[in-house]
Amino acid sequence: MAKYYKEGESGKRKLEPETMRVGKKQLQPESMMMTYGYDPELSEGALKCPIFQTSTFAFKSAEDGKAFFELALGLREKGPTEELGLIYSRLNNPDLEILENRLCLWDEAEAGAVFQSGMSAIATSLLAYLRPGDVLVFSEPLYGGTEYLIHHYLPEFGVGLVGFPAGVPMAELEAGIRERVGDRRVPAVLIETPANPTNHLVDIEGVVRLAQSLTRGGDSPVVMVDNTFLGPLFQHPLALGADLVLYSATKFIGGHSDVVAGACVGRREVVERIRTLRTFIGTAAGPWTGWLLLRSLETLKMRMTAQMKNARYVADYLNDHPKVKRVEYLGLLPEQHPMYAVYRKQCVAPGSLIAFEIDGGEGAAFQFLNHLKLISLAVSLGGTESLAEHPASMTHSDVEPGDRERLGITEGLVRVSIGVEHFEDLIADIEQALEAVGAGAASRSATKERDVVKMSK
Ligand SMILES: *Cc1c(COP(=O)(O)O)cnc(C)c1O
């Protein structure tokens, strides 16, 4: 059985990656999500990892306490089999450590760290690298919260910004980016692909090459990829040369819209630096969050696969609908599209996020949203239930109107996150809501009242 924690001779725990095999068979991540890294013997035989709801951990001896602190504060190098002992839950906790080790399996990462939210994962990672006078290079559009953090706070700390649009081949952008950076230092490049909400792609390998060309004084920028939309199942940025993958674990990883959390996984050296800052600004997740996510990981592959299958049906339906002007879904990318080759190279499957434009601008989009019955009107994504929202007035309302138009976030654009319901029910809901578009404006509350009558029959 998989055992991650084991008492070594010195009383320290050590990693045993060889237990990931059955005979000669290397196990797939979904087979390891139930047991990897957890030893029931260390928890009274409990089959499932308990919630280690504790702020602090008792040391066996003063010598142990000293050794743990030496490692935690980087006062000496780790011994070859030595692992950081448990000290205090802002630094580490078994629920978080086991979760971090399991998250690493999907992306084949060397190390991981879990945070209180996707935003705290992103903010801690950026702050670990950016200093006054530096430049952050990033793709646009980014998640609304990231966009806000970058534009409203980083400039106040003296960090310069150079953004470039998703959906454009890197060869057309590179020279311009290099010129705008000039001779300033670029410690990090942050991209989000597919972009939110348009599903426009950024070529990860192309960005890795760009980053190498921005090397100053021997340090090449750390390439960070927000992989929330397709990862950790359908896109593996580390395999394409990225250094760090970021997640809002609130979305697919959590998957039930009942927990807010974040994570990063990647090269050990990069994750260690971020994890150290996590300790000192206190952005680690708590044990209860860790436990909920451990539970979610057991069904991650099933959920993401079912959601993606549903989304294909819904996207096809929308694509044929006369009131829908365009559908942005990776599964509908035509072979002659300039980004099709990038899609084939870096995405395993199209995922379950669809953006589509309804003829008639904001009014039409609102009518559609107000008439949905099964699909909820809410931001967020990646949960078991389907959600719909209006990016221009909700998640992306902070983007300048001119920029919104340029980035394809038009007034008639609706984003849906497809869940695990029956796809025919989802299509029926979308069908009746589209029928209501242009047929006189009814408010959501009026529709709701009708629903209550109907449901109580
Ligand atoms: C939701 C989201 C975030 C922020 O995550 P929180 O968990 O809400 O803090 C970051 N990036 C993307 C792509 C997201 O969808």
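Residues numbered from 1 in each chain as written. Predicted model: local features only at pLDDT ≥ 70, side-chain atom pairs only at ≥ 80, totals over all residues. Heavy atoms only, no water.

> A description of the packing of aromatic side chains should follow, citing residues and the corresponding values.
According to the stated counting rule, one finds seven aromatic pairs in the structure shown. Taken together, a centroid distance of 6.4 Å and an interplanar angle of 45° make the contact between Tyr340 and Tyr343 tilted. Residue Tyr340 and its partner Tyr343 are both found in helix H11 (residues 340-346); the two are separated by three residues, about one turn of the helix. On the basis of relative accessible area, Tyr340 is assigned to the buried category, the value being 16%. Taking 5.5 Å as the distance between ring centres and 90° as the angle between the ring planes, the aromatic pair formed by Phe356 and Phe368 counts as edge-to-face. In this pair, Phe356 sits in strand S11 (residues 353-358) while Phe368 sits in helix H12 (residues 361-371), placing the two residues twelve residues apart along the sequence. Across the pair, Phe368 and Phe356 agree in class, each one buried. The aromatic ring of Tyr129 is capped on one face by Arg273, whose charged end is 4.1 Å from the ring centroid. Lying over the aromatic face of Phe115, Arg278 brings its terminal NZ or CZ to 5.8 Å of the ring centre. (Phe/Tyr/Trp six-rings, centres within 6.5 Å; stacked < 30°, edge-to-face > 60°. Helix = DSSP H or I, 4+ residues; strand = E, 2+ residues; numbered from the N terminus. Buried < 20%, exposed > 50% of the residue type's maximum accessible area, 1.4 Å probe, protein only. Lys NZ or Arg CZ within 6 Å of the ring centre and 35° of its normal.)

> So what's going on with the sheet that holds strand S6 (residues 188-192)? Which residues, and what values?
Spatially, the seven strands line up as an open sheet ordered S3-S9-S8-S7-S6-S4-S5, and their pairing is mixed. Two strands in the sheet have a free side with no partner beyond their single neighbour: strand S3 (111-115) and strand S5 (160-165). Shown here is a sheet whose adjacent strand axes are inclined to one another by a mean of 20°, direction ignored. Sheet topology note: the strand S8 (residues 244-248)/strand S9 (residues 262-266) ladder contains five bridges and is antiparallel. (Pairing = 2+ DSSP bridges. Axes fitted to C-alpha atoms, helices over the stretch in contact; angles between N-to-C directions.)

> Now, about the domain arrangement of the protein chain: what can you tell me, with residues and values included?
Here the protein chain is partitioned into domain 1 (4-72), domain 2 (94-297) and domain 3 (301-456). Taking only C-alpha atoms into account, the centre of domain 1 sits 27 Å from that of domain 2. Tallying the contact residues gives 19 residues for domain 1 and 13 residues for domain 2. Between domain 1 and domain 2, a total of about 1600 Å² is buried, with carbon and sulfur atoms accounting for 66% of that surface. At the junction of domain 1 and domain 2, the tally comes to zero salt bridges. (Domains from an automatic or database assignment. Contact = heavy atoms within 4.5 Å. Buried area = accessible area lost by both parts, 1.4 Å probe. Salt bridge = Lys/Arg side-chain N within 4 Å of Asp/Glu carboxyl O.)

> Before we move on, could you go through the side chain of Ser352 and cite the residues and values that matter?
Considering the arrangement of structural elements, one finds Ser352 in the loop between H11 and S11. A relative accessible area of 2% means that Ser352 is categorised as buried. Look past the residues within four positions of Ser352 in its chain and what remains in contact with it is Phe252, Gln307, Met308, Ala311, Val416, Ser417 and Ile418.

> Describe the confidence of the model for the protein chain, and please don't skip the residues or the numbers.
Scored by pLDDT, the protein chain has a mean of 91; 92% of the residues are at 70 or more. Considering only residues more than four positions removed or in separate chains, one finds that residues 445-457, a stretch of pLDDT under 50, has six contacts. (pLDDT = per-residue confidence, 0-100.)

> Tell me about the sheet that holds strand S10 (residues 324-328), residues and numbers included.
The sheet built from five strands is open, its strands ordered S10-S11-S14-S13-S12 with mixed pairing. Sheet topology places S10 and strand S12 (376-377) at the edges, where each strand pairs with a single neighbour. Of the strand pairs in this sheet, S10 and S11 are connected by four bridges, and their pairing is antiparallel. Across the sheet, residue Glu328 finds its bridge partner in S11, namely Ala355. Running at roughly 15° to S11, helix H10 (residues 300-319) makes contact with S10 and S11 of the sheet.

> Residues and numbers for the packing of helix H4 (residues 118-129) against helix H8 (residues 268-281), please.
Packing of H4 against H8 leaves a shortest axis separation of 9 Å and a crossing angle of 110°. The pairing of H4 with H8 is recorded here as roughly perpendicular in orientation. On the side of H4, the interface is formed by Thr124, Ser125, Leu127, Ala128 and Tyr129, while H8 contributes Val270, Arg273, Ile274, Leu277, Arg278 and Ile281. Residue classes in the contact of H4 with H8 are distributed as seven nonpolar, two polar and two charged. (Parallel < 35°, antiparallel > 145°, perpendicular 65-115°, else oblique. Nonpolar A, V, L, I, M, F, W, Y, C, P; charged D, E, K, R; others polar.)

> Run through the pairing of S6, naming residues and quoting values.
Burial within S6 is extensive, with five of its five residues counted as buried. Residue alternation in S6 divides its side chains into two sets, Ala188, Leu190 and Glu192 and Val189 and Ile191, and both sets are buried. Pairing of strand S4 (residues 135-140) with S6 involves three bridges; the strand directions are parallel. Paired with Val137 across the strands is Val189, a residue of S6. With five bridges connecting them, S6 and strand S7 (residues 222-226) associate as parallel partners. Paired with Ala188 across the two strands is Val222, which belongs to S7. Once the chain exits S6 it traverses helix H7 (residues 204-213) before rejoining the sheet at S7, and the crossover so formed is right-handed. (Right-handed = clockwise from strand over helix to strand, strands pointing away.)

> Tell me about the side chain of Thr395, residues and numbers included.
Checked against the element boundaries, Thr395 lands in the loop between strand S13 (387-389) and helix H13 (401-406). At 2.8 Å, the side chain of Thr395 and the side chain of Glu389 are in polar contact. Here His396 takes part through its side chain, which lies 2.9 Å from a polar atom of the side chain of Thr395. Those residues in contact with Thr395 that lie beyond four places of it in its chain are Gly144, Val379, Glu389 and His390. (Polar contact = N/O pair within 3.5 Å; in protein donor to acceptor, adjacent residues only side chain to side chain.)

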